[in-house]
Amino acid sequence: MIVALAAIGAPVAARADSLLVNRVQQEKGMDLPARGMSMDQVEKRYGAPQRKLTPRGGDSAKHPVINRWDYANFIVYFENSHVIHAVLNTPAGNNTNPAAVN
């Protein structure tokens with residue numbers, strides 16, 4: 001019985017892995033803000049974001065201020081005022097309505 005249940009879950013996991021690999025490859029081919037860019041550099045190069053979410057954190061050195069800017073095709077995360085990560089904006093998860101968690 002356990003073997004049968006594991007076999008059922010395997011195709012789902014393989015599909016999820018495949019989707020993640022495809023997304024990472026797509027991100028590599030896009031012009032996304034690079035790690036370390038300042039907020040000013042991002043805004044000069046990509047224009048004003050569609051939305052700037054309320055900053056989070058900042059209550060201690062272990063929890064720096066994190067900002068999130070949403071553009072039409074990607075999301076940029078800043079630690080204090082510098083890019084730490086940029087990802088494609090997909091209709092999965094919270095990306096469709098980030099204001100709902102604000």
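About the criteria used
Residues numbered from 1 in each chain as written. Predicted model: local features only at pLDDT ≥ 70, side-chain atom pairs only at ≥ 80, totals over all residues. Heavy atoms only, no water. Helix = DSSP H or I, 4+ residues; strand = E, 2+ residues; numbered from the N terminus. Polar contact = N/O pair within 3.5 Å; in protein donor to acceptor, adjacent residues only side chain to side chain. pLDDT = per-residue confidence, 0-100. Pairing = 2+ DSSP bridges. Phe/Tyr/Trp six-rings, centres within 6.5 Å; stacked < 30°, edge-to-face > 60°. Buried < 20%, exposed > 50% of the residue type's maximum accessible area, 1.4 Å probe, protein only.

### Topic: the side chain of Arg 68
Phase 1: With respect to the element layout, Arg 68 can be found in strand β2 (residues 66–70).
Phase 2: A distance of 3.0 Å separates the side chain of Arg 68 from the side chain of Asp 70, its partner in a polar contact.

### Some details on the confidence of the model for the protein
Phase 1: Averaged over all residues, the pLDDT of the protein is 79; the fraction at 70 or higher stands at 60%.
Phase 2: At the level of individual helices and strands, the protein shows its lowest average pLDDT in helix α1 (residues 2–28), which scores 57, and its highest in helix α2 (residues 39–46), which scores 98.

### Details of unusual backbone geometry
Phase 1: Backbone geometry places Asn 80, a non-glycine residue, at a positive phi of 60 degrees.
Phase 2: With respect to the helices and strands, Asn 80 occurs in the loop between β3 (74–79) and β4 (82–88).

### Considerations on the sheet that holds strand β1 (residues 51–52)
Note: strands within a sheet are paired through backbone hydrogen bonds, in either parallel or antiparallel orientation.
Phase 1: Spatial ordering of the open sheet is given by β1-β2-β3-β4, a layout of 4 strands whose pairing is antiparallel. The sheet terminates laterally at β1 and β4, the two strands that pair on one side only.
Phase 2: In terms of strand pairing, β1 meets β2 through 2 bridges, oriented antiparallel. Pairing of Lys 52 across the sheet is with Trp 69, part of β2.

### Section: the packing of aromatic side chains
Phase 1: Counting across every chain of the model gives 3 aromatic pairs.
Phase 2: With centroids separated by 5.4 Å and ring planes inclined at 75 degrees, the aromatic side chains of Tyr 46 and Phe 74 adopt a geometry described as edge-to-face. Of this pair, Tyr 46 sits in helix α2 while Phe 74 sits in strand β3, and the two are 28 residues apart along the sequence. Just as Tyr 46 is buried, Phe 74 falls in that class too.

### Details of the pairing of β4
Phase 1: Summarising the sheet, β3 and β4 pair through 6 bridges and their orientation is antiparallel. Bridge assignment links Tyr 77 to a residue of β4, and that residue is His 85.
Phase 2: Connecting β3 to the next strand, β4, in antiparallel fashion are 2 residues, including Asn 80 with a positive phi near 60 degrees.

### Some details on the pairing of β2
Phase 1: Taken across its 5 residues, β2 has 4 buried, putting it largely inside the fold.
Phase 2: Pairing between β2 and β3: 5 bridges, direction antiparallel. Each bridged residue has a counterpart across the sheet, and for Ile 66 the counterpart in β3 is Glu 79.
Phase 3: Linking β2 to β3, which pair antiparallel, is a turn of 3 residues.

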